[in-house]
Amino acid sequence: MSYVTLPYPFKPVEAPPEYRGKPVVDPSKCIGCGACANACPPDAIRMEIDEAKGVKRLILDVSRCIRCARCEEVCPMGAVKLSREFELATPRKEDLVTVIELKLFRCRVCGKPTEFTVRQVEKAKSLARYLPKERFEEILESMTLCRDCRRSRYVSKLVEIEIRGYVGSMGGLHA
Amino acid sequence: MRRKPRMRSVWVFHLNTGACNGCDIEILDVLTPYYDAERLGIKLVGSPRHADALLVTGPLTRQTYYAAKAVYEAMPPTPRIVIAVGTCACSGGIFYDSYAVHGGIDKLLPVDMYVPGCPPRPEEIIYGLAQLLGLVEKKVRGETYRDEEHEFRPEAPIVDRLWYDLRQVLTRIVGYFDRETVLNEFVSLVKEAYRRSNPRQALRSLVEEYCAKEEDPRIALAMRLLLNEFETLVDRYRDEGYPVEDLLKGLE
Ligand code: SF4
Ligand code: SF4
Ligand code: SF4
């Protein structure tokens with residue numbers, strides 16, 4: 001005797017290999033760059049900066065995910081993958097939320113949290129041998145400052161340039 | 001969650017609150033002989049007055065808000081189960097920030113079962129229904145991970161970047177599904193070639209050999225394109241000062 005009907009849910013079934021199910025973020029790979037949050041069309045992935053606690057949170061809400069795999073596409077670390085997990089039905093929406101908490105790097109001048117995570121800075125440091133030295137130091141220097149310190153550094157640089165120009169023009173006048 | 005009596009059979013009314021029809025078609029699938037929801041006692045009825053449960057799809061548009069309310073009120077006072085089928089019904093999904101939608105049926109009605117997916121496969125819907133009937137247990141739960149609990153290794157980034165770029169090229173030719181397989185084949189050829197003395201030449205001949213054996217012309221084409229793109233990228237990285245060829249030699 002043969003049956004047409006699938007015995008599911010009494011016998012488990014597997015989704016086909018090309019099936020795009022629940023996105024899963026690997027907490028040992030994610031650096032918190034926010035590329036996925038940027039690309040996610042329905043904003044199922046959000047990034048949240050909590051300055052009081054000094055952490056950045058990636059919040060993935062599967063109840064809003066349309067399984068387009070754009071997050072998988074853009075992730076520079078290959079940290080997010082769409083699994084074949086499909087048995088997601090739940091009476092509570094909180095069950096569908098994954099949070100990844102990453103510590104923020106603290107400003108090397110004032111100690112306030114920057115908008116980069118410790119892992120982002122580590123990742124940038126690991127790039128040292130691939131980048132020309134001056135370029136690398138420039139990047140690292142601005143990465144390790146908080147927004148206020150970075151701003152004041154740029155302002156003082158600008159002022160310096162202005163003054164140099166002004167003095168130069170004065171010199172020109174006297175000549 | 002409100003406790004609902006466990007039931008042997010649930011009569012459902014299908015309510016579309018502005019779905020794109022994707023989820024509705026999956027609900028139809030659930031009723032076909034292949035999935036046969038009626039063997040679980042689930043029966044589709046034509047009027048909310050006969051229904052124990054609502055199968056709601058769609059992001060609850062402003063147009064359907066009052067109709068949905070009327071349908072809910074027309075149901076018998078118990079058990080009034082609401083099942084949100086699809087990402088739209090769960091949270092608004094792709095339409096969540098539109099001016100024209102309320103963003104999920106839970107903005108109007110208390111929901112007993114969320115079945116996310118865009119659209120969910122018929123198995124997912126059956127899984128949700130089976131949970132209501134007490135046949136299966138819930139599997140998912142919310143997770144919070146902290147970075148100190150997981151060791152982090154910043155990996156060899158330029159080589160990874162190279163594969164990502166090649167993957168983009170492949171997507172355009174062989175699509176999303178086959179690209180990983182084809183790319184893995186290519187990566188193994190690259191590794192093989194960079195173990196030899198003249199890697200460039202070796203890779204070219206390896207790809208030629210591969211293409212001669214390959215029966216699917218699309219894969220052969222993809223391989224040749226990959227080779228082309230690979231050489232361009234390696235040249236570009238080298239000109240920018242990245243020691244990419246040394247890194248490739250170091251791959252196991
Ligand atoms: S793109 Fe990848 S690394 Fe960046 S925040 Fe998202 S998951 Fe993490
Ligand atoms: S699959 Fe698409 S909708 Fe889902 S989290 Fe990734 S980018 Fe967002
Ligand atoms: S969840 Fe996706 S398939 Fe279902 S109605 Fe919304 S957009 Fe359509």
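As a reminder, the structure under discussion sits directly above these lines.
Residues numbered from 1 in each chain as written. Chains lettered and ligands numbered in written order. Predicted model: local features only at pLDDT ≥ 70, side-chain atom pairs only at ≥ 80, totals over all residues. Heavy atoms only, no water.

Caption draft 1: Expanded view of the interface of chain B and chain A. Listed per partner, the contact involves 63 residues of chain B and 61 residues of chain A. Together, the buried faces of chain B and chain A total about 5,400 Å²; carbon and sulfur atoms form 58% of this surface. Area buried by chain B at its contact with chain A is led by B:Val140, B:Asp147 and B:Phe152, which between them contribute 13% of it. For the interface between chain B and chain A, the tally reads 8 salt bridges. (Contact = heavy atoms within 4.5 Å. Buried area = accessible area lost by both parts, 1.4 Å probe. Salt bridge = Lys/Arg side-chain N within 4 Å of Asp/Glu carboxyl O.)

Caption draft 2: Spatial organisation of the site of ligand 3. Residue and element names in this part refer to chain B. In the neighbourhood of ligand 3, the contacting residues comprise Ala-19, Cys-20, Gly-22, Cys-23, Thr-87, Cys-88, Phe-95, Gly-117, Cys-118 and Pro-119. Where the shell around ligand 3 is concerned, the elements lending two or more residues are helix H1 (22-31) and helix H3 (87-91). Here the shell around ligand 3 is composed, by residue class, of 7 nonpolar, 3 polar and no charged. (Near = heavy atom within 4 Å. Helix = DSSP H or I, 4+ residues; strand = E, 2+ residues; numbered from the N terminus. Nonpolar A, V, L, I, M, F, W, Y, C, P; charged D, E, K, R; others polar.)

Caption draft 3: The packing of aromatic side chains, seen in detail. Counted by the stated rule, this structure contains 6 aromatic pairs over all chains. Their ring planes at 85 degrees and their centres at 6.5 Å tell us that A:Tyr19 and A:Phe86 sit as a pair that is edge-to-face. Of this pair, A:Tyr19 sits in the segment before strand E1 (23-25) while A:Phe86 is found in the loop between strand E4 (80-82) and strand E5 (97-106), placing the two residues 67 residues apart along the sequence. The class of A:Tyr19 is buried, set by a relative accessible area of 16%. Note on B:Tyr194 and B:Phe230: the rings are 6.3 Å apart at their centroids and 75 degrees apart in plane angle, and the pair reads as edge-to-face. You can see B:Tyr194 sitting in the loop between helix H5 (157-193) and helix H6 (199-213) and its partner B:Phe230 sitting in helix H7 (residues 217-239), a full 36 residues away along the chain. For B:Tyr194, a relative accessible area of 4% translates into the label buried. One Lys or Arg, B:Lys43, reaches over the ring of B:Trp11 and ends 5.5 Å from the middle of that ring. The ring of A:Tyr19 has B:Arg121 sitting right over it, with the charged end atom 5.1 Å from the ring centre. (Phe/Tyr/Trp six-rings, centres within 6.5 Å; stacked < 30°, edge-to-face > 60°. Buried < 20%, exposed > 50% of the residue type's maximum accessible area, 1.4 Å probe, protein only. Lys NZ or Arg CZ within 6 Å of the ring centre and 35° of its normal.)

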